[in-house]
Amino acid sequence: MDDFTQHRLQIERDFALKILDVYEAGNFSKEEVITVARYINEEMEGIDNKTDLITFLDYVSSNWPALSGVVSKEKEITSEEKDSEVYSGVLALAQNGKIDKAIELAKSNNN
């Protein structure tokens, strides 16, 4: 199982637990649980990249604010992964003597 698939499974787990917590707190009806669970199950199956994941998270957050804690956590993780990839690229460019390109890449990530 690749890293992205494992991450996707963790997101599903987090959503499942949060949905049940929200239901037990009386903030979701049984019908809402069914609707949200169906949507998340169906959509998560088709997500195979970070861009689609961010779009999915934005949709979930806007439609079910009670799940925003999971969404915020996942968006933070995705952002940290992107930063890691960018700075690995910066180091690779610098290592190969492409200092100007490394600076450009680093600055583009800070905007």
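Because the structure is predicted, anything quoted here is derived from the model rather than measured. Each chain carries its own residue numbering, running from 1 in the direction its sequence is written. Selection of residues for local features in this predicted model requires a pLDDT of at least 70, selection of side-chain atom pairs for listing and counting requires 80 or more, and totals for whole chains, interfaces and linings are taken over all residues. Excluding hydrogens and water, the side-chain figures rest on all heavy atoms present in the structure.

## Overview of the overall build of the chain
Strands are runs of DSSP state E lasting at least two residues, helices are runs of H or I lasting at least four, and both sets are numbered from the N terminus onward. Per the secondary structure count, the chain includes five helices and zero strands. Its C-alpha atoms give the chain principal-axis dimensions of roughly 60 × 30 × 15 Å. Summary of the burial criterion: residues with accessible area below 20% of their type's maximum are buried, those above 50% are exposed, and those between are partly exposed, where the area comes from a 1.4 Å probe applied to protein chains only. Sorting the 111 residues of the chain into buried and exposed places 28% on the buried side. Residue contacts follow a heavy-atom distance rule, with two residues in contact if any of their heavy atoms lie within 4.5 Å. Of the contacts made within the chain by residues no fewer than 6 positions apart, 54% connect residues no fewer than 24 positions apart. Here the accessible surface of atoms and residues is derived via Shrake-Rupley with a 1.4 Å probe, and residues count as covered only by protein chains that are part of the display. Approximately 7300 Å² of the chain is accessible, and the part contributed by carbon and sulfur atoms is 50%.

## Some thoughts on the side chain of E12
With respect to the secondary-structure elements, E12 resides in helix 1 (residues 3–24). Filtering out sequence-adjacent residues up to four positions away, E12 remains in contact with M44 and E45.

## Description of the nonpolar core
Residues F15, F28, I40, F56, V60 and L67 are the most contacted members of the largest nonpolar core, which totals 20 residues. At the level of secondary structure, the elements contributing two or more residues to this core comprise helix 1, helix 2 (30–46), helix 3 (50–63) and helix 4 (68–95). Those residues in contact with V60, other than ones at most four positions away along the chain, are F15, Y39, L67 and V71. We define a nonpolar core as any set of buried Ala, Val, Leu, Ile, Met, Phe, Trp, Tyr and Cys residues linked to one another through side-chain atoms lying within 4.5 Å.

## Structural notes on the packing of helix 1 against helix 2
With their axes 10 Å apart at the nearest point, helix 1 and helix 2 run at an angle of 175° to one another. Viewed along their axes, helix 1 and helix 2 adopt a mutual orientation that is roughly antiparallel. Between helix 1, through R8, I11, E12, F15, I19 and Y23, and helix 2, the contact on the second element is made entirely by K30, V33, V36, A37, I40, M44 and E45. Orientation is described by axes fitted as lines to C-alpha atoms, over the contacting stretch for helices, and by angles from 0 to 180 degrees between their N-to-C directions. Angle categories are assigned with fixed cut-offs, so that under 35 degrees is roughly parallel, over 145 is roughly antiparallel, 65 to 115 is roughly perpendicular, and the rest are oblique.

## Quick notes on the packing of aromatic side chains
Each Phe, Tyr or Trp ring (for Trp, its six-membered ring) is paired with any other whose centre lies within 6.5 Å, and the angle between the two planes then decides the class: stacked below 30 degrees, edge-to-face above 60, tilted in between. Summed over all chains, the structure comprises five aromatic pairs. A ring pair is formed by F15 and F56, whose centres lie 6.0 Å apart and whose planes are at 90°; its orientation type is edge-to-face. With a gap of 41 residues between them, F15 in helix 1 and F56 in helix 3 connect regions that are remote in the sequence. Both residues of the pair, F15 and F56, belong to the buried class. Centre to centre, the rings of Y39 and Y59 are 5.0 Å apart; their planes meet at 35°, and the pair counts as tilted. Here Y39 is found in helix 2, whereas its partner Y59 is found in helix 3, with 20 residues between them in sequence.

## Regarding helix 1
The span one expects for a helix is its residue count, reduced by one, times 1.5 Å. The terminal C-alpha atoms of helix 1, which comprises 22 residues, lie 32 Å apart, in line with the 32 Å expected from a rise of 1.5 Å per residue. Among all positions of helix 1, only F4, H7, R8, I11, E12, D14, F15, I19 and V22 are buried. Around the axis of helix 1, the buried residues are gathered within 165° of arc, so they sit on the same side. Projecting away from the buried face of helix 1 at angles above 90 degrees are the exposed residues D3 and E24. A positive backbone phi angle near 85° is found at G26, which sits one or two residues after helix 1. Working note: the arc is built from the helix axis to C-beta atom directions.

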